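Spelled out, the chains give:
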Amino acid sequence: MVTEKRELQQHTPFERWVASEGLKVIQQQIIPDIRVVDLEPWERTGCDAALLDLAPYPIQEGDILTNAGTSRYLVDIPPGGTFKAERHMYEEMFFVVSGRGAATVWYPGSPQQTFEWQEGSVFSIPLNTWHELYNGSGDTPARLYAAFNAPTVFNLFNSERFIFNCDATFPERFDPYDETYFSGKSEKIRERLVRTNFVSNVRNMSLDRMQYRGPGTNMHALMADGHFVCHLSEFPALTYKKAHTATNNRTRAGLNSEVAYLFLSGEGFDLQWPPGVDPAPGVPFERIDYHEWSLLTPGNGYHQHFNTSQEPIRYVVLRRGNPELVGGGGRDTNPQIEFADEDPAVWEAFEAELRRKGYDSSDMDAYRSNEPE
């Protein structure tokens, strides 16, 4: 049990809450297939669940959890059952792994908004609204993958009563009288940035061209006026991205807020470097293989995505990063390694994998040699 690591009073408020909830905790760098992860009962919700405390490095001695800013979890809504109604002062975003169902969202005394979801849907719960999720199947569970900033909120307020029983409403974030709020309507803010409150299926969402990181397309969706964004990227068969690092994975309070990539198609591998290490010739890296439905975190170091399949790889990232709330203009200015400056061992690893599979690397070689402006 996580509570056996040291006396609970020495832990953070969020760690103490996780232990008191009896919530199963999974701590690893990659989950090979999130569809088959074993979950355990979470009484509060009436569902089976597991907290995903993902990190590429060992947990610090004495800690229960690694991530103190944001975290994520998996939950199975039982056949014909519900994720019990609740409200809370933390933000939460869901991706539907499997199944279909509906969600109802409301403020006391206001109209209820109900919308249906399916595999591939993404939606965000407006801050402190009552909400209940329903499984539309009487035969099979519906599995959802969620990201939330509960660690930040618990560690800030240290009051479960306030977090789950505050009467505050946020009309600037959610208008219960707007019947189109969860309709899937969207507003294009600029290239690679839209505002919406519901995505019916991320596999079908249109993405914009993005040359900065290498071949591929990209889109960020701001949802429910929260800090979380739904980040979608796709890159072509037999290609790869430039090595990059997300320097904004830490909040301004210094709390670790991990990023995790959920791969929706294809197969390939990641190369990863430890935090604070710049990729360069002779600098060792770690290779991690992934495929459809793998969930992988790079932590806070440089990482690089490779597609070694004959179909595009599309992945979804539920992460903190609304530029209207975190500043920085929303432009991707994180450090990266240009193809011309890349360690030759990176290309050798990619080319060797393609040769092993009987594929040709000429398309990526031509792209690197004639990279678009």
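Refer to the structure printed above.
The model shown is predicted, which means the values in this text are computed figures rather than measured ones. (Residues numbered from 1 in each chain as written. Predicted model: local features only at pLDDT ≥ 70, side-chain atom pairs only at ≥ 80, totals over all residues. Heavy atoms only, no water.)

J.: So, the overall build of the protein chain: which residues are in play, and what are the values?
T.: For the protein chain, the helix and strand inventory stands at six helices and 24 strands. The C-alpha radius of gyration of the protein chain comes to 21 Å, within 12% of the 21 Å expected for a compact globule of 373 residues. Seen through its principal axes, the protein chain has C-alpha atoms that stretch 60 × 50 × 45 Å. Restricting to contacts in the protein chain with at least 6 residues of sequence separation, those with at least 24 account for 76%. Summing over all exposed atoms, the protein chain offers an accessible surface of approximately 15,800 Å²; the carbon and sulfur share of this is 47%. (Helix = DSSP H or I, 4+ residues; strand = E, 2+ residues; numbered from the N terminus. Rg over C-alpha atoms; globule rule 2.2 N^0.38 Å. Contact = heavy atoms within 4.5 Å. Areas by Shrake-Rupley, 256 points an atom, 1.4 Å probe, with all protein chains shown as cover.)

J.: Give me the lowdown on the side chain of T239, citing residues and values where you can.
T.: By the secondary structure assignment, T239 is in the loop between strand 18 (228–235) and strand 19 (261–263). Leaving out residues up to four positions away in the same chain, T239 has contacts with P215, F306, N307, F350 and M364.

J.: A description of unusual backbone geometry should follow, citing residues and the corresponding values.
T.: In this structure, N128 takes a positive phi of about 60 degrees despite not being glycine. Within the secondary structure, N128 sits in the loop between strand 10 (122–125) and strand 11 (130–135). The class for N128 is buried, based on a relative accessible area of 2%. Positioned with a positive phi, A224 is a non-glycine residue whose angle comes to about 55 degrees. Residue placement: A224 occurs in the loop between strand 17 (217–222) and strand 18. (Buried < 20%, exposed > 50% of the residue type's maximum accessible area, 1.4 Å probe, protein only.)

J.: Tell me about the sheet that holds strand 21 (residues 286–291), and name the residues and values.
T.: Taken together, three strands build an open sheet; the order of strands is 21-20-23 and the sheet is antiparallel. Both outer strands of the open sheet, strand 21 and strand 23 (303–307), are each paired with one neighbouring strand and no more. Neighbouring strand axes in the sheet, compared pairwise and without regard to direction, differ in orientation by 20 degrees on average. In this fold helix 5 (residues 344–357) packs onto strand 20 (267–272), strand 21 and strand 23, with an angle of close to 160 degrees to the strand it touches most, strand 20. (Pairing = 2+ DSSP bridges. Axes fitted to C-alpha atoms, helices over the stretch in contact; angles between N-to-C directions.)

J.: Can you break down the sheet that holds strand 6 (residues 82–86) residue by residue, with the values?
T.: Reading across from one edge, 6-11-8-9 is the order of the four strands in this open sheet, with antiparallel pairing throughout. Of all the strands in the sheet, the pair left with one neighbour each is strand 6 and strand 9 (113–118). Each strand of the sheet is rotated relative to its neighbour by a mean of 15 degrees, with strand direction disregarded. Here strand 8 (residues 100–106) pairs with strand 11 via six bridges, running antiparallel. Within strand 11, the position partnered with V105 by the bridge is H131.

J.: Lay out the pairing of strand 18 in plain terms, naming residues and giving numbers.
T.: Sheet faces and side chains relate simply in a regular strand, where the side chains alternate between the two faces. Counted residue by residue, strand 18 has seven buried out of eight residues, so it is predominantly covered. When strand 17 meets strand 18, the two strands line up antiparallel, connected through six bridges. Within strand 18, the position partnered with T217 by the bridge is E234. Taken together, strand 17 and the strand that follows it, strand 18, pair antiparallel across an intervening segment of five residues, in which A224 is found at a positive phi of about 55 degrees. Sheet topology note: the strand 18/strand 24 (residues 313–320) ladder contains eight bridges and is antiparallel. Residue H231 lies in a different strand from strand 24, and its bridge partner there is V317.

J.: Describe in detail the pairing of strand 11, supporting the description with residues and values.
T.: In the sheet, strand 6 pairs with strand 11 via three bridges, with the strands oriented antiparallel. Considered in strand 11, the bridge of E86 is made with H131.

J.: Give a description of the pattern of salt bridges that names residues and reports values.
T.: The tally for this structure, following the rule as stated, stands at 22 salt bridges. A salt bridge links E21 to R44; the shortest N-O distance between them is 2.9 Å. With a gap of 23 residues between them, E21 in helix 1 (residues 13–21) and R44 in the loop between strand 3 (40–42) and strand 4 (47–52) connect regions that are remote in the sequence. In this structure, E234 and R314 form a salt bridge, with 2.7 Å as the shortest nitrogen-oxygen distance. With a gap of 80 residues between them, E234 in strand 18 and R314 in strand 24 connect regions that are remote in the sequence. Using a relative accessible area of 22% as the deciding quantity, one classes E234 as partly exposed. Where salt bridges share partners, they join E187, R195, D225 and E324 into one cluster. (Salt bridge = Lys/Arg side-chain N within 4 Å of Asp/Glu carboxyl O.)

J.: Mind laying out the packing of helix 1 against helix 2 (residues 150–157), listing which residues take part and the relevant values?
T.: At a minimum axis distance of 7 Å, the contact between helix 1 and helix 2 shows a crossing angle of 110 degrees. Our classification of the angle between helix 1 and helix 2 gives roughly perpendicular. Contacts between helix 1 and helix 2 pair P13, F14 and W17 from the former with A150, P151, F154 and N155 from the latter. Classifying every residue of the contact of helix 1 with helix 2 gives six nonpolar, one polar and no charged. (Parallel < 35°, antiparallel > 145°, perpendicular 65-115°, else oblique. Nonpolar A, V, L, I, M, F, W, Y, C, P; charged D, E, K, R; others polar.)

J.: So what's going on with the environment of Y57? Residues and values would help.
T.: With respect to the element layout, Y57 can be found in the loop between strand 4 and strand 5 (71–77). Measuring from C-alpha to C-alpha, the distance between Y57 and Q28 comes to 8.5 Å, with 29 residues separating the pair along the chain.

J.: Kindly report on the side chain of E353, identifying the contributing residues and their values.
T.: Topologically, E353 is positioned in helix 5. Overall, E353 belongs to the buried group, its relative accessible area being 9%. Of the polar contacts made by the side chain of E353, one reaches the side chain of R287; its length is 3.2 Å. Apart from the residues lying within four places of it in its own chain, the contact partners of E353 are F269, R287 and T308. (Polar contact = N/O pair within 3.5 Å; in protein donor to acceptor, adjacent residues only side chain to side chain.)

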